[in-house]
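Coordinate inspection notes
Listed below, chain by chain, are the residues.
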Amino acid sequence: MNQFTADIAGMLEIFAIAGGLVLLHQASKEAPAKLLKAAGWLLIAGGVVVGACTTLYWLKYQSRGAFDSVHMGSSE
């Protein structure tokens, strides 16, 4: 179950990056769109940083064997 929680977090980060790319594309079509560009870059940067953090913890939990059981907190 823990692995699915990490996978869901990863999907949300991908959606944030995709949303940022959509905002940057939309901002390139409109002339004074500085706020859209800033929001797009913020979504992309946030998605990448949080994605790296999630990946780090996912790898740590996997190396400890936390994904070997479906029960949270189980050491079996």
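Above this text is the structure in question.
Report follows, based on the coordinates. (Residues numbered from 1 in each chain as written. Predicted model: local features only at pLDDT ≥ 70, side-chain atom pairs only at ≥ 80, totals over all residues. Heavy atoms only, no water.)

**A look at the overall build of the protein**
We count it as follows: Secondary structure elements follow DSSP: runs of H or I of four or more residues count as helices, runs of E of two or more count as strands, with numbering from the N terminus. The rule is simple: take the accessible area with a 1.4 Å probe, protein chains only, and divide by the maximum for that residue type; under 20% is buried, over 50% is exposed, in between is partly exposed. Contacts are assigned to residue pairs that have any heavy atoms within 4.5 Å of one another. Accessible surface area values rest on a Shrake-Rupley calculation with a 1.4 Å probe, where residue burial reflects the displayed protein chains alone.
Counting its secondary structure elements, the protein contains two helices and zero strands. Looking at the protein as a whole, 21% of its 76 residues qualify as buried. Summarising the internal contacts of the protein: among those between residues at least 6 apart in sequence, 55% fall at separations of at least 24. Of the roughly 5800 Å² of accessible surface on the protein, 70% is carried by carbon and sulfur atoms.

**A few points about the packing of helix α1 (residues 2-29) against helix α2 (residues 34-64)**
In a pair of packed helices, the angle between the axes and the distance between the axes together describe the arrangement. Quick note on the threshold: For helices, the fitted line uses only the C-alpha atoms of the stretch in contact; every axis is such a line through C-alpha atoms, and the angle between N-to-C directions lies from 0 to 180 degrees. Under this scheme an angle from 65 to 115 degrees is roughly perpendicular, one under 35 degrees roughly parallel, and one over 145 degrees roughly antiparallel; angles in between are oblique. Rotating anticlockwise by less than a right angle from the far helix to the near helix defines a left-handed crossing, while the corresponding clockwise rotation defines a right-handed one. In the scheme used here, Gly and all other residues not listed as nonpolar or charged are polar, with Ala, Val, Leu, Ile, Met, Phe, Trp, Tyr, Cys and Pro taken as nonpolar and Asp, Glu, Lys and Arg as charged.
Their axes nearest at 8 Å, the elements α1 and α2 cross at an angle of 160 degrees. As judged from the angle between their axes, α1 and α2 are roughly antiparallel. The handedness of the crossing between α1 and α2 is left-handed. Tallied by class, residues from the contact of α1 with α2 come to 16 nonpolar, eight polar and three charged.

**Observations concerning the side chain of Thr-54**
Just so we agree on the cut-off: Polar contact is the term for a pair of N or O atoms within 3.5 Å; when the atoms are in protein, one must be able to donate a hydrogen and the other to accept it, and sequence-neighboring residues count only if both atoms are side-chain atoms.
You can see Thr-54 is positioned in helix α2. At 2.6 Å, the side chain of Thr-54 forms a polar contact with the side chain of Glu-13. In contact with Thr-54, other than residues within four places in its own chain, are Ala-6, Ala-9 and Glu-13.

**Section: the environment of Gly-20**
Along the chain, Gly-20 turns up in helix α1. Linking Gly-20 and Gly-47, residues 27 residues apart in sequence, is a C-alpha distance of 8.8 Å. Among residues more than four places away in sequence, those in contact with Gly-20 are Gly-40, Leu-43 and Ile-44.

**Thoughts on the environment of Asp-7**
Assignment of secondary structure puts Asp-7 in helix α1. Placed 51 residues apart in sequence, Asp-7 and Trp-58 show a C-alpha to C-alpha distance of 8.8 Å.

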